[in-house]
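Summary of structural features
So you can see what is in the structure, the chains are spelled out below.
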Amino acid sequence: MTHHLARDIRVLSETRGLERVAAGYAADAPSPPGWIKPGPAEVWIALSDQTWLRFVIAGEEIGGLWTLRLVLAAGLMLIGIAALGVWSARKVTAPLARFSLAAQRLGANVDAPPMSEEGPSEIRQAAKAFNGMQNRIRRLIEDRTLMLAAISHDLRTALTRLGFRTEFIADAEQRRKAAADLEEMQAMLQSTLMFARDDAATEPVTPVDLAMLLQSLCDDLQDAGQAVSYDGPPHLTYRGRPVSLRRAFANLIDNALKYGQEAAVTVAEKNNAIEITVGDRGPGIPESMRSRVFAPFFRLESSRSRETGGVGLGLTVARTVVRRHGGDITLDDRPGGGLLVRIVLPASPAVNP
Ligand SMILES: Nc1ncnc2c1ncn2[C@@H]1O[C@H](COP(=O)(O)OP(=O)(O)O)[C@@H](O)[C@H]1O
Ligand SMILES: [Mg+2]
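Note that the coordinates shown come from a computational prediction; the quantities given were computed from them, not determined experimentally.

Turning our eyes to something else, we now look at the site of ligand 1. Taken together, 20 residues sit near ligand 1, with Asn255, Tyr259, Asp280, Arg299 and Leu315 positioned nearest. Tyr259 places a polar side-chain atom, nitrogen or oxygen, 2.8 Å from an oxygen atom of ligand 1. Contact with the protein chains covers 97% of the free accessible surface of ligand 1, which is 530 Å². Among the elements of the structure, α6 (242-260), α7 (302-306) and α8 (314-324) are those that each provide at least two residues to the shell around ligand 1. Tallying contributions element by element places α6 first for the shell around ligand 1, with 4 residues. Within the shell around ligand 1, the residues separate by chemical class into 10 nonpolar, 6 polar and 4 charged.

Below, the structure is given as structure tokens:
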């Protein structure tokens, strides 16, 4: 009350002079239980010209104060509830982030460690179900690998026997063709087995000089009389799996040479990533096929592939390896004709275990 009146009193007293100020409740009002009283309060001010200045603060005014307190309290409560809401929503959605991370890890590697089964019961159940699913997928893959290994072992034994039998083919031309067919079958079995074993998952991560690795690949092919060029720094340290990476790059360069007669390899560091491109001057890959060529055993028109061999695992293996390193492969038209394969590896890789 003082606070509210002080200014007015000061203004008034400046011109007329202040004699006496009295404040209190009207005589007929019941005595106040606390310092807030619902009844009207009065302030009397004696002025030097013998007049009284009287302020009456009506009950409504005090009620107004009550409303203010109510609004304040409600506001505080609202803020409290909002804070609680945000907190609990966070608590509920935080495990979702863990789920998406676990799903990502599973996508890259089925042997990734299981999710921790903690938190509210629904989350625990979901995590349990997720881990169960991961186990089933892993068993499925193990079974598949064992089956493939068993089949190819038996097939190889049979192929060896067949190899001996071809010796008895009288016609020399037929004998030569049969031997070539057998050799092709053996090579296909070999690459299928290698794909099924998936060595990339178990190879340890070590520092590797990517530039050196690519250069040596290019040099070897150049020595063999192939049109391969390398354009990049002499050294580039990276943490990854050297054997798998070498196989991935070899597959891409091999494709460029097989389908595009030349391989132009470039390496460059670009904003926290390493970009490697392999370009050729072949027919390229039509846009509609660019995602399908990565599928296992998928090959474009057989007429083109017949004389070039291969079982359609090269790009599959390359992409698996690159994705294990947290990167990706994209296919593009090369300016001036041909295919441009672009590999982007994050420089500080989140290598999946
Ligand atoms: N550089 C390229 N130019 C044109 N076509 C390509 C190129 N690389 C791959 N392809 C196509 O993609 C298919 C899949 O490639 P890949 O997985 O390496 O299998 P493979 O080489 O054993 O056939 C190939 O059969 C080929 O038709
Ligand atoms: Mg290939």
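That was the structure; now back to the text.
Another aspect to go through is the pairing of strand β10 (residues 339-346). As paired elements, strand β8 (residues 273-279) and β10 share 7 bridges and run antiparallel to each other. Bridging across to β10, Ala273 finds its partner in Pro346. The pairing of strand β9 (residues 328-333) with β10 spans 6 bridges and is antiparallel. Looking across to β10, one finds that Asp333 is bridged to Leu339.

Take the UniProt feature "transmembrane region" (unreviewed entry) in the protein chain next. The sites that carry the UniProt feature "transmembrane region" (unreviewed entry) are, in the present numbering, residues 70-89. Along residues 70-89 one finds 100% helix and 0% strand; the C-alpha atoms at either end are 28 Å apart.

Taken as a whole and assessed by the stated rule, the structure comprises 10 salt bridges. For the salt bridge of Arg290 with Asp333, the shortest nitrogen-to-oxygen distance reads 2.8 Å. With Arg290 in the loop between β8 and α7 and Asp333 in strand β9, this residue pair connects regions lying 43 residues apart in the sequence. Across the pair Arg342 and Asp332 runs a salt bridge, and its minimum N-O distance is 3.0 Å.

Caution applies to low-pLDDT regions: their predicted coordinates should not be interpreted in detail. A residue-level look at the protein chain finds 83% of positions with pLDDT of 70 or above and a mean pLDDT of 84. The low-confidence segment residues 349-353, where pLDDT is below 50, has 15 contacts with residues more than four positions distant or belonging to other chains.

Turning to a nonpolar patch on the surface, a few remarks are in order. Nonpolar side chains collect at one region of the surface, where Met133, Ile137, Leu140 and Ile141 lie side by side and expose about 320 Å² of accessible area between them. Residue position: Ile137 is located in helix α3 (residues 121-166).

Take the packing of α6 against α8 next. Between α6 and α8, whose axes approach to 8 Å, the crossing angle comes to 140°. Taken together, the axes of α6 and α8 are oblique relative to one another. Regarding α6 and α8, the two cross each other, and that crossing is left-handed. Residue-level contacts link Ser244, Leu245, Arg247, Ala248, Asn251, Leu252 and Asn255 of α6 to Gly314, Leu315, Val317, Ala318 and Val321 of α8.

Attention now goes to the sheet that holds β10. Read from one edge to the other, the open sheet built from 5 strands follows the order β5-β7-β8-β10-β9, with strand pairing classed as mixed. Either end of the sheet is taken by a strand with one partner, and the two such strands are β5 (228-231) and β9. This sheet shows a mean twist of 20° between the axes of neighbouring strands, independent of strand direction. Lying over the sheet, helix α5 (residues 210-223) contacts β5, β7 (263-270), β8 and β10, oriented at roughly 160° with respect to β5.

Look at α3: 66 Å from first C-alpha to last across 46 residues, which is about the 68 Å you get at 1.5 Å a residue. Of the residues making up α3, those classed as buried are Ile123, Ala127, Phe130, Asn131, Gln134, Ser152, Leu159 and Thr166.

Rules behind the numbers
Residues numbered from 1 in each chain as written. Chains lettered and ligands numbered in written order. Predicted model: local features only at pLDDT ≥ 70, side-chain atom pairs only at ≥ 80, totals over all residues. Heavy atoms only, no water. Near = heavy atom within 4 Å. Polar contact = N/O pair within 3.5 Å; in protein donor to acceptor, adjacent residues only side chain to side chain. Areas by Shrake-Rupley, 256 points an atom, 1.4 Å probe, with all protein chains shown as cover. Helix = DSSP H or I, 4+ residues; strand = E, 2+ residues; numbered from the N terminus. Nonpolar A, V, L, I, M, F, W, Y, C, P; charged D, E, K, R; others polar. Pairing = 2+ DSSP bridges. UniProt positions renumbered as here; feature names shortened; annotations may be inferred. Salt bridge = Lys/Arg side-chain N within 4 Å of Asp/Glu carboxyl O. pLDDT = per-residue confidence, 0-100. Contact = heavy atoms within 4.5 Å. Patch = residues over 30% accessible without salt bridge, like charges linked within 9 Å, V, L, I, M, F, W, Y side chains within 5 Å. Axes fitted to C-alpha atoms, helices over the stretch in contact; angles between N-to-C directions. Parallel < 35°, antiparallel > 145°, perpendicular 65-115°, else oblique. Left-handed = near helix turned anticlockwise from the far one by under 90°. Expected span 1.5 Å × (residues − 1). Buried < 20%, exposed > 50% of the residue type's maximum accessible area, 1.4 Å probe, protein only.

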